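The primary structure of each chain is shown beneath.
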Amino acid sequence: MHIVRYYHAGSGQTLIGLMGEDGVTPIAGVASIAELMAMPLPDIRALCESAGGTRIAAADVQLLPPVDGRMDVWAAGVTYKSSQIERIRESERAASAYEQVYDAERPEIFFKSTAWRVVGDGEPVQARDDSAIDVPEPELALLINQHGEITGYTICNDVSSRSIEGENPLYLPQAKVFAGGCAVAPLVRPVWEIADPYDLAIAMTIRRDGTDAWHGEANTGQLHRKLDDLVGYLFHADYFPDGALLSTGTCVVPELPFSLQTGDEIVIAIDQVGSLTNTVIRGKGGFSWLVEADGNPAARPGA
C-alpha cells in the first residue's frame, strides 16, 4: 500500500488515505500529512492497517505532493561517490570542499523547499533562465514524523543548477531553491513495508522530442551515509512539529555538459516506492500557479 494526500472534487476536501489497486481508502480522522506526522510511528502503522470503509475510485481523486502545513523539504548532498566526483568536476573554486564532505563525519544537509512550493507528479519543473546547465537529481526521500522517526519513502527530484553551484559553493541556495525546483512523488511507501532501503533500484530517463536523450541507473546500496544518521543530523538542533521530508542525495546525474531543455520529460522510478514524471519549463513565468494553488488543489495544473 501507499500513503497518499489527495483532493476529492466530489466533496471539495483534501484528505489522507491509502492507495491500492482499486482506489483510495480514506484514513478516518486525519485530514493532512501534518496531522499524521504528529503521531508516533506505531500509531501511524496501526491507523493505516486498520483503515477501512468505502473506497474512492482512483479516477475521482487528484493526487497531491505528500507535504503540507509547516512541513519543509530538506536535502542531503554528496552522499554517493558519483555525486562527489560530479560536484568536483563542476566546481571552479571549491573542489576540495566536496572531496572533504564525502568522508566527513557531518553530512551536507541543506534546505530545499517549503511545502507550498513543492510540485507533484505530472506538474512542471523549472530550468533557471540565468543558468547554463540545469539537471534533475533523482533521490530517495524520507517522510519523517515530528519525533524524528522515518515513516515512509517517496521520490524527490532535486532540480539543480550545476553552473551556478559550480561557480561558487556559497551560491548553493540559488542553485537549489526556486519555483519548480523541488518535485515530490505522490505515493509514500510505509517504512514497515520496505525490508531493505539499501537495496532499491533507481532509474531516470530524460525524453526529448520523442526519444531518450539520457538514461541512468543506480542502487541505494551505493549510499555512503546511513538514513538514520542523516535524520539525526537534521533533527539534532531543530524542531519539526509537522514533520519533514528529507531527500537523501543522488548518484544518477547526467554528465557535463548535458542540460535540461524546455519540453523535456523527466521520468524517475524507484523500486518498491513508485515513480515521478515532470516536464521542463525555462524561467519562473510558468509557476505563478504555485502561489494561487496554496491551499487550493483545484488551482493546480491538471485539476
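These numbers were taken from a predicted model, which means no experiment stands behind them.

Trainee: An account of helix H7 (residues 227-235) is requested, with residue identities and associated values reported.
Mentor: Here H7 has its buried residues at Leu 227, Leu 230, Val 231, Leu 234 and Phe 235. For H7, the angular spread of the buried residues around the axis is 125°, confining them to a single face. Looking at the packing, one finds that the buried side of H7 touches strand S5 (72-77), strand S6 (108-114), strand S9 (138-144), strand S10 (150-158) and strand S16 (244-247).

Trainee: Residues and numbers for the layout of surface pockets, please.
Mentor: Here the largest pocket defines a volume of roughly 200 Å³. Split by residue class, the lining of the largest pocket holds eight nonpolar, four polar and four charged. Roughly 160 Å³ of internal volume is contained in the second largest pocket. Taken together, the residues of the lining of the second largest pocket sort by class into six nonpolar, one polar and two charged.

Trainee: Pulling in residues and values, what's your account of the sheet that holds strand S2 (residues 13-20)?
Mentor: Reading across the sheet, the four strands line up as S3-S2-S1-S4 and stay open at both edges, with antiparallel pairing between neighbours. Edge positions in the open sheet fall to strand S3 (23-26) and strand S4 (61-64), since each of these has one partner strand only. This sheet shows a mean twist of 50° between the axes of neighbouring strands, independent of strand direction. Here strand S1 (residues 2-8) pairs with S2 via seven bridges, running antiparallel. When the sheet's bridge partners are listed, His 2 is paired in S2 with Met 19.

Trainee: Before we move on, could you go through the side chain of Ser 247 and cite the residues and values that matter?
Mentor: Here Ser 247 shows up in strand S16. Within the structure, Ser 247 has its side chain in polar contact with the side chain of Glu 139 (distance 2.5 Å). Sequence-distant contacts of Ser 247, that is, excluding residues within four places in its chain, are made with Trp 74, Ala 75, Ala 76, Glu 139, Leu 140, Ala 141 and Cys 156.

Trainee: Could you give an account of the environment of Arg 106, naming the residues involved and the relevant values?
Mentor: Tracing the backbone through its elements, the reader meets Arg 106 in the loop between helix H4 (95-103) and S6. Taking the relative accessible area as the measure of exposure, Arg 106 reaches 59% and is therefore exposed. With 120 residues separating them in the primary sequence, Arg 106 and Lys 226 have C-alpha atoms 12 Å apart. In contact with Arg 106, not counting residues within four places along its chain, are Val 101, Arg 225 and Tyr 233.

About the cut-offs
- Residues numbered from 1 in each chain as written.
- Predicted model: local features only at pLDDT ≥ 70, side-chain atom pairs only at ≥ 80, totals over all residues.
- Heavy atoms only, no water.
- Buried < 20%, exposed > 50% of the residue type's maximum accessible area, 1.4 Å probe, protein only.
- Helix = DSSP H or I, 4+ residues; strand = E, 2+ residues; numbered from the N terminus.
- Arc of directions from axis to C-beta.
- Contact = heavy atoms within 4.5 Å.
- 1 Å grid on protein atoms, 1.4 Å probe; cavity = no way out; pocket = protein on both sides within 12 Å on 5 of 7 lines; lining within 4 Å.
- Points joined across faces, edges and corners; volume = space filled by probe spheres on them.
- Nonpolar A, V, L, I, M, F, W, Y, C, P; charged D, E, K, R; others polar.
- Pairing = 2+ DSSP bridges.
- Axes fitted to C-alpha atoms, helices over the stretch in contact; angles between N-to-C directions.
- Polar contact = N/O pair within 3.5 Å; in protein donor to acceptor, adjacent residues only side chain to side chain.

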